[in-house]
Each structure stands twice: as C-alpha cells, then as structure tokens.
Amino acid sequence: MSFGQQGGPPSQWDPWKPQSQQPWSSGGGEQTPDWAALAEASETRNRRRRLFFIVGGALATVGIGTAVAMAVVSANGDDQANKPTSSLPATADIPSATGTVPSFAPTSAPPPLDPKEFIASRGKDTAPLSAKLLFPGTQLTMGSTVYKKGETSDTKNCAAADAVQTSLGKILKANGCTQFMRVSYTKDGVSVTVGVAVFDTEAAAQKAKSQVNTKKDIVKSLPGGAVKAFCNSAICRTTSNSYGRYAYFTISGFAGGKNVTEKDTAVFSIGDNLAEFTFRQIHRRGEAQASTAAGE
C-alpha cells in the first residue's frame, strides 16, 4: 500500500521557519537526513548571530561614548560650553593671579613716653611735690616686712642745720638744691631716715651726689611718732644716690646709741629697702606724669 502525495511542488525547508519540513533524500528505501544541508544551515545561523552581536556591540559603544561626552559637557556648565568662542570674555577681562596686590601704608603707634624725662628737669616735673606725697600712708610693706612710719619734714632751705650736717648742706646749696624732704621708718628697734634733695636738672643732682662723702656728708635722723631717737652720736650706716633731678640719702641705726657693725644685717636691710623704695617712688612720679601727657 502506498500513500499518495498532495498536489504542488514539495515544500522547501527553511531553518528559520518553524513549520517548514526538513528535506529528505528521494532515494528509495529507508530515508536518511541530508547531513550536508544541516551543516550549511547551522553555519548560516552562526554567521547571522556573530553579525548581530558585532553590530549590537558597536551601537552600544557609540551610545556609551555619546553619554560620556554629554556628561562632560554638562559638568563644564551648559552656559559656557554652548557659547561660541567670540562670546567668551576677552583675556584682558579675566582676573590674573599676578595682578597688582593692594598695598597699605605701614602704621605704628608712637613710642611710649619715657618716665625719666619727666623727672629729669624742673620744666617737665611740674606735679605737686612734698614729703607726704612722695611717702604716703602710715606704714610701708615690702614683701612680708612691715615698717612703721614716723615723722616727715619739708623745707626749702637745703642747708638747714636740723636737716643735714653742715658739709652736706654746703654741697646741696652749691648745686642749686631747691627743696629738702625727710621721712623715717622703723622695725624692731632699727630705724632709717631718708633725705631727698630736689634740683632743677638731672646734671645738678648727679654732680651733688658725686661730691658727697658718706662718712661725713650725711642727713640727720628724724625721730618722732613710732621712731625713737637714733644715730645722734653712735656710728650708723649711710648711703647716697641720685635719679633724675633728685639726690637721696639714708642713715640707719639702732635706737639707744648702739653702734652699727658689718654684722648688723638688719640695719643694712632697712637702709637698702628704703633706698629702693625711694627710687621707685621717684620713678612712679615720672610714670604718672608721662601717662597724663600721653592722654592729652
């Protein structure tokens, strides 16, 4: 029994059409696949696939490159990136890092006034002056040591017999002394009197100080109040110095007529401390007047 075939030409097999029929050999007997046709079809499919991947990869690369270029342009700013070269600022309009730097005139505060200038001459040293102003208060504290204050005295006669020894009076008067002040302090039976001579100029004060012999040209002690009589006939320690238009002298010793020796450190200490305090008071006087002048 044989089966008849449908009319028309036999259908051609197309590997890309799902309903097409795969060709078979027309030989009689058992039919076998056409292996050459199958291999050719497989090769055709592989070529189309490679072509598809190559074209698709190229298009993808072009798309990525375009996106990156657009991102770079956007990062640089749309306004400047899209403007033609002629619309950009000229080179002269662009600020230069090497342009002229603003300069400012140097300023400096005036130097502070020298306090010594105001106690070096009568012309500038015009503040009120007296023993009580130069040595104020009722006692003096230096560190942990407290000295009780005795009397003060003030005279225009620098050669007064009750203020200085005759030889010192002559030196002060010869150099133009205009005022002589004294003050006394005491502690534990040891006392000191400070004498301050005032001159018109610093040179006059220095000259007077240089002529003084501290062994005989001495200031007289000033007792009174908390300070008992001392150094009337005993050996005492004396000093002399000058600062500005002022010359100052000290005499230190024991109450009761006891002589001073080199071992009596308390006497040396009170004399040195009060000489230092006198220097500081004169300097403060200069500072106060310099400060007032600077504020005018």
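Above this text sits the structure in question.
All of these numbers come straight from a predicted model, not from anything done at the bench. Per-chain numbering applies: the sequence of each chain, read as written, is numbered from 1 onward. For a predicted model such as this one, the threshold for reporting local features is a pLDDT of at least 70, and the threshold for listing and counting side-chain atom pairs is 80 or more; totals across whole chains, interfaces and linings nevertheless cover every residue. Side-chain measures here rest on the full set of heavy atoms in the structure, leaving out hydrogens and waters.

## Description of the state of the cysteines
Right, on to step 1. In what follows, a disulfide is any cysteine sulfur pair within 2.5 Å. Inspection of the entire model under this criterion finds 2 disulfides.
Right, on to step 2. A sulfur-sulfur distance of 2.0 Å marks the disulfide that ties Cys158 to Cys177. Measuring the twist about the S-S bond at about -70 degrees, one finds the Cys158-Cys177 disulfide to be left-handed. On the criterion of sequence distance, the pair formed by Cys158 in the loop between strand E2 (145-155) and helix H4 (166-174) and Cys177 in the loop between H4 and strand E3 (179-187) is long-range, its members being 19 residues apart. Each member of the pair, Cys158 together with Cys177, is buried.
Right, on to step 3. Here Cys231 connects covalently by a disulfide to Cys236, the sulfurs 1.8 Å from one another. Torsion about the S-S bond of the Cys231 and Cys236 cystine: about -110 degrees, corresponding to left-handed handedness. Assigned by exposure class, Cys231 and Cys236 land together as buried.
Right, on to step 4. By sequence-ordered numbering of the bonded cysteines, the protein has its disulfides arranged as 1-2, 3-4. Comment: elements are numbered from the N terminus, with helices defined as DSSP H or I runs of at least four residues and strands as E runs of at least two. To sort residues, take the accessible area from a 1.4 Å probe on protein chains only and compare it with the maximum for the residue type: under 20% means buried, over 50% means exposed, and anything in between is partly exposed.

## A few points about the sheet that holds E2
Right, on to step 1. Strand order in the open sheet formed by 6 strands is E1-E2-E3-E4-E6-E5, with antiparallel pairing between adjacent strands. A strand with exactly one partner marks an edge of an open sheet, and here the two such strands are strand E1 (139-142) and strand E5 (237-243). Shown here is a sheet whose adjacent strand axes are inclined to one another by a mean of 25 degrees, direction ignored.
Right, on to step 2. Strands are labelled as partners when DSSP assigns at least two bridges between them. Both E5 and strand E6 (residues 246-254) contribute to a ladder of 7 bridges, which runs antiparallel. When the sheet's bridge partners are listed, Thr239 is paired in E6 with Thr250.
Right, on to step 3. The sheet strands contacting helix H5 (residues 202-211) are E5 and E6, and the helix crosses E5 at an angle near 155 degrees. What counts as an axis is a line fitted to C-alpha atoms, over the stretch in contact for a helix, and the angles between N-to-C directions run from 0 to 180 degrees. Residue contacts are counted whenever heavy atoms from the two residues lie within 4.5 Å of one another.

## Considering the pairing of E3
Right, on to step 1. Summarising burial for E3: 8 of the 9 residues are buried, a large majority.
Right, on to step 2. Here E2 runs beside E3; their pairing, made up of 6 bridges, is antiparallel. Each bridged residue has a counterpart across the sheet, and for Ser153 the counterpart in E3 is Arg182.
Right, on to step 3. The pairing of E3 with strand E4 (residues 190-198) spans 9 bridges and is classified as antiparallel. Its bridge partner being in E4, Ser184 is matched across the sheet by Thr193.
Right, on to step 4. Remark: 2 residues form the turn of the hairpin made by E3 and E4, two consecutive strands paired antiparallel; Asp188 in that turn has positive phi of roughly 55 degrees.

## As for the packing of aromatic side chains
Right, on to step 1. Centres within 6.5 Å are what make two rings of Phe, Tyr or Trp a pair, Trp counting through its six-membered ring; a difference in plane orientation under 30 degrees is then read as stacked, over 60 as edge-to-face, and the rest as tilted. Here the structure, examined in full by the defined rule, presents 2 aromatic pairs.
Right, on to step 2. Plain terms: the ring middles of Phe135 and Phe277 are 6.1 Å apart, the flat faces sit at 45 degrees to each other, and that makes the pair tilted. Residue Phe135 is located in the loop between helix H3 (131-134) and E1, and its partner Phe277 is located in helix H6 (residues 265-294); the two are separated by 142 residues in the primary sequence.
Right, on to step 3. Overall, the relative accessible area of 0% leaves Phe135 in the buried class.
Right, on to step 4. Whether a charge sits over a ring depends on NZ of Lys or CZ of Arg being within 6 Å of the ring centre and within 35 degrees of the ring normal. Above the face of the Phe118 ring, Lys124 is positioned so that its terminal group lies 5.0 Å from the ring centre.
Right, on to step 5. Looking at Lys258, its charged tip hangs above the ring of Phe254, at a distance of 4.6 Å from the centre.

## A closer look at the environment of Asp162
Right, on to step 1. Along the chain, Asp162 turns up in the loop between E2 and H4.
Right, on to step 2. On a C-alpha basis, the gap between Asp162 and Leu222 in space is 9.0 Å, while along the polypeptide they are 60 residues apart.
Right, on to step 3. Apart from the residues lying within four places of it in its own chain, the contact partners of Asp162 are Arg182 and Lys220.

## Focus: the pairing of E6
Right, on to step 1. The element E6 is largely enclosed, with a buried count of 9 among its 9 residues.
Right, on to step 2. Where burial is concerned, the two faces of E6 agree: the one with Tyr246, Tyr248, Thr250, Ser252 and Phe254 and the one with Ala247, Phe249, Ile251 and Gly253 are both buried.
Right, on to step 3. Across 9 bridges, the pairing between E4 and E6 is antiparallel. Residue pairing for E6: Val196 is matched across the bridge by Tyr248.
Right, on to step 4. Where E5 folds back on E6, the antiparallel hairpin that results is connected by 2 residues, among which Gly244 adopts a positive phi of roughly 65 degrees.

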